[in-house]
Amino acid sequence: MACQSVSIINMDEQALLGLNPNADACYRQKAMVYFEQLKESQDAWEVCAEALAKGIYRDGTVSFYPAQQQLIRETLMKWLQGQLMNSQPEKPFIRNKAAQVFALTFVMEYLTHWPKFFHDLLSLVGLNPHGVDVYLRTLMAIDAEVVDRDILHSPEEVRRNTLIKDGMREQVIPSLVESWYQILGAYQQSHPEITCQCLEVVGAYVSWIDLNLIANDRYVSLSVVSLSVVSLSVVNKTKLVESLCQVLQSAGFFNVDQEEDVDFLAKFSRLVNGMGQSLVLSWTKLAKGGAVKEAAEALRALETKVPLLLQLLVHDDDDISANIVGFCYDYLNVLKQVRYTLLVGNMDIMLAVMKKLTYDEEYNFDNEGEDEAMFVEYRKQLKMLLDRLAQVSPDLLLEAVGRVFNNTIQRWQTASFMEVEVAIRLLYMLGEALPASHGAHFSGDTAKTSALQDMMRTLVSSGLSGYQHTSVSLEFFETVVRYDKFFLVEPQHIPIVLMSFLDHRGLRHSSPKVRSRVAYLFSRFVKTLHKHMNSFIEDILSRIQDLLELAPPENGFPALLTSDDQLFIFETAGVLIVHGESPAERKQALMRSLLTPLTDAFRLLLAKLASEREEERQAALADCLSHAVGFASRTSKAFSNKQTVKQCGCTEVYRDCLQTFLPALSCPVQRGSLRSAVRSFLHRMIICLEEEVLPFVPAASEHMLKDCEARDLQEFIPLISQITAKFKFKVTRDLQEFIPLISVHVYGPLCLSPLQDQVSPFLQQVFMPLVLAIFEVLCRPAEDNDQAAALEKQMLRRSYFTFIQTITSSGMNEVLANQGVENVERVLFTIIQGAVDFPDPIAQKTCFIILSKLVELWGGKDGMAGFPDFIYKHIVPACFLAPLKPSFDLTDAQTVLTLSECALTLKMIHLRRVSSSLVFLSVEVCQVLQQPDAKVLKNYMKAFFQRAKL
């Protein structure tokens, strides 16, 4: 029959006549048969959809019996159920047509025969993505049919639509809203297209449903996330955001000042932030794409959100304000791009940021906790806004800050600390907001430099440094140092500021926090301006004399400055002395008067430590001694290549310090901290005294390596390496003198073992015991799970190999060569062992560098006797054995570097031993070795060992 054919286009008009209540029985029978056939037809839903969509049978002349109505409902639901089971959804136009059919069926049936339309639909669909898609399309089709004001309706249709909306509000809207919430939560990550559809539905329905169902905590929170992942077109996203904004505004949520629920406002501010950033993104894409009209609409939409942005930004609750910073920052970026500084909110945002930078009265400066830390982070966000404002309109920002600063400083005696602090803070922040090369804020742009100069002049001459609040004091000194170049322009203000640093306003402030910070800032201030302080040097040194005293532990009185703070004061004193214009004799006298109290106190405390029995007291004395050494070391940082220790006449002063400090190395207690301090001082003296330090090295080495542990050896080796690298050939003789002392005093019986009979020359008693002692420490048993011990051994091994590398690369290979054949072999075997046996690519790389260098030095005809045999018996095999180790990971970057050094070692062997290496190595390898580009060899080696490990 026609109804069973796929060619059915329209319903059988004759059969439809049987639906008339007044029709004859034959017509009614014909209609029943027709609809039974239609029910079985595959094309039935299309026929019904076409009829319903075109509204052919909506004139009242045709109506359906309940059985036929039920049949249509079943047909639609059956089709929908089929969609749920399909692996792929229908084409969009089919889904749109189906949604239209569902919508028209709903309009005709909901008030009379199908009040459970949505219940049936939701029960069937659940959260199946194909079903949800049709469900959301149906809701949009219903909105178009019932709500859309752009469609003209007859009075009868208007009354019908009103009844439908009233019925929905009473019966199903809460269920629909809940379904939207579930859909947004379920699909915002996995199906962004469904999220888009759902948000569009929400935007369409909010105009006529109860707003409280949408404008609440849970929906606002979910909408924040959904807006961030939604992938609507930029135009549609703009419309969606605008729709949501209209709803929220209609519900009164834009009246932020009247909302008392802070938790809700925090969520609401995140939603506004998301909407604002979405609009910014839309504008950016539209502007880049050349869509001028749409971009202008997005920009207008942005501007309308600025009043709300400002309300949230200046809210008393910082969390609410912080939530909107992202939108504010992006909006300022828009202003920067359009270069139209009179757009909405530029100055208002500036004033808002300035207001929110202000501390609360409840801020606890003495005991800063979590709340205070959060405010500090919030201030950093506000600083980002200020920096962006400077990019948008630097002149306007400079003017605004100048106005706030000047108005506040003029009345600082009566202003609250919050006002004064933020005024200075704004001036400080201008230093980064309006950047200048190397801090040169007072050259270049006349308007800028003049404004900053005026504010700095006001700051230092106003007496503000005496304000009695820690935050103001700190901000004053921070700003003075930030703009220290101001004093190069107006040096007449230096004495006033110096006094503020030195008296109760700075280094002698009642707050330890202020004193500590000022100690550091004073150091920076002096380093920049020392050339302008020549006439004040001795006065400054006199005023800080008590701050330079070493505080003994038995004092009992708390010192004004901690030992860390004193380091800055000693460095400052050193800078003043070294860079002053006094003759060398006067500099020497000043430096001696600075350091002599330290050395005198050191001798007394060291004597007490030697006789002290209580461990806690010993530790306190050792700390004090370490501080004394550290202070003396810190003064040496003032010297430079232009102002050396020798030029300043201070060589003897530091030599005396060395003689004073070295005895601490032999102290039987608290060796670790004392040795560490003296060793650090030696490092500094190697730089400052140069060869003058060499006579002290043997004695120092003797003491430092007595009864030493792995860490002592590890920290001692860099000292020798530093000497070796700095002095090279000058050091050879001294090195030969102090290494015997190391071996004799540290390793005792070890160096007098069988080696004693074999070693006769002076240096032959030195090197091998040191090597063997190091590896004796490395071989000491330790617990398998002792991570600290394992790390110490690894670092010692690396230090040892680095030391050998330093000797070979510094042209002092004779230190090794003069050890005798057997001892040289012992050293070489430790290097072979390091290259092959220890799974540490950093150490292995160093070992191959050593081997390559030794091949270069000794591998030729005039090289060390017997070394060619060592090359072929040990070095060449090591170049192949190491990469074949299971631990040799060719996917590790450090290991690849090791392989490169291994390849270069083979390359060096080939260069130094061409004829014999060609015989020893395979033809293939030799062909690669003869390539001029070392990269070819490296790649070959990597590929070779990758194949070998398969």
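Conventions we followed
- Residues numbered from 1 in each chain as written.
- Predicted model: local features only at pLDDT ≥ 70, side-chain atom pairs only at ≥ 80, totals over all residues.
- Heavy atoms only, no water.
- Disulfide = S-S within 2.5 Å.
- Buried < 20%, exposed > 50% of the residue type's maximum accessible area, 1.4 Å probe, protein only.
- Patch = residues over 30% accessible without salt bridge, like charges linked within 9 Å, V, L, I, M, F, W, Y side chains within 5 Å.
- Areas by Shrake-Rupley, 256 points an atom, 1.4 Å probe, with all protein chains shown as cover.
- Salt bridge = Lys/Arg side-chain N within 4 Å of Asp/Glu carboxyl O.
- Lys, Arg positive; Asp, Glu negative; His and termini not counted.
- Charge placed at Lys NZ, Arg CZ, Asp CG, Glu CD.
- Helix = DSSP H or I, 4+ residues; strand = E, 2+ residues; numbered from the N terminus.
- Phe/Tyr/Trp six-rings, centres within 6.5 Å; stacked < 30°, edge-to-face > 60°.
- Lys NZ or Arg CZ within 6 Å of the ring centre and 35° of its normal.
- Axes fitted to C-alpha atoms, helices over the stretch in contact; angles between N-to-C directions.
- Parallel < 35°, antiparallel > 145°, perpendicular 65-115°, else oblique.
- Left-handed = near helix turned anticlockwise from the far one by under 90°.
- Contact = heavy atoms within 4.5 Å.
- Nonpolar A, V, L, I, M, F, W, Y, C, P; charged D, E, K, R; others polar.

1. Focus: the state of the cysteines
Point 1. Following the criterion strictly, the structure yields zero disulfides and no others.
Point 2. The cysteine Cys902 is free of any disulfide, with Cys879 supplying the nearest cysteine sulfur at 4.0 Å.
Point 3. Note on Cys902: relative accessible area 1%, which makes it buried.

2. A short note on a negative patch on the surface
Point 1. On the surface, Asp316, Asp360, Glu361 and Glu362 cluster together to form a negatively charged patch.
Point 2. Along the chain, Asp360 turns up in the loop between helix 17 (346–356) and helix 18 (370–392).

3. Points about the packing of aromatic side chains
Point 1. This model, assessed by the stated rule, comprises 32 aromatic pairs.
Point 2. Measuring from centroid to centroid gives 4.8 Å for Phe477 and Phe501, while their planes differ by 45°, and the two rings are tilted. Linking Phe477 in helix 22 (residues 470–482) with Phe501 in helix 24 (residues 494–502), this pair joins segments that are 24 residues apart in sequence.
Point 3. Owing to a relative accessible area of 0%, Phe501 belongs among the buried residues under this scheme.
Point 4. Ring centres of Phe867 and Phe870 lie 6.0 Å apart, and the angle between their planes is 20°; on these two criteria the pair is classed as stacked. Placement of both Phe867 and Phe870 in helix 41 (residues 867–884) is noted, with a separation of three residues, approximately one turn of the helix.
Point 5. Seen from the ring of Tyr359, Arg379 lies directly overhead, with NZ or CZ sitting 4.3 Å from the centre.
Point 6. Positioned above the aromatic ring of Tyr428, the side-chain terminus of Arg482 is 4.1 Å from the ring centre.

4. Things to note about the packing of helix 18 against helix 20 (residues 417–433)
Point 1. Close contact between helix 18 and helix 20 brings their axes to 10 Å; oriented N to C, the two are set at 55°. When the interaxial angle is binned, helix 18 and helix 20 end up oblique. Our pair here, helix 18 against helix 20, has a crossing hand that is right-handed. Contact residues: helix 18 offers Arg379, Lys383, Leu386, Asp387 and Ala390, while helix 20 offers Glu421, Val422, Arg425, Leu426, Met429, Glu432 and Ala433.
Point 2. Here the contact of helix 18 with helix 20 is composed, by residue class, of six nonpolar, no polar and six charged.

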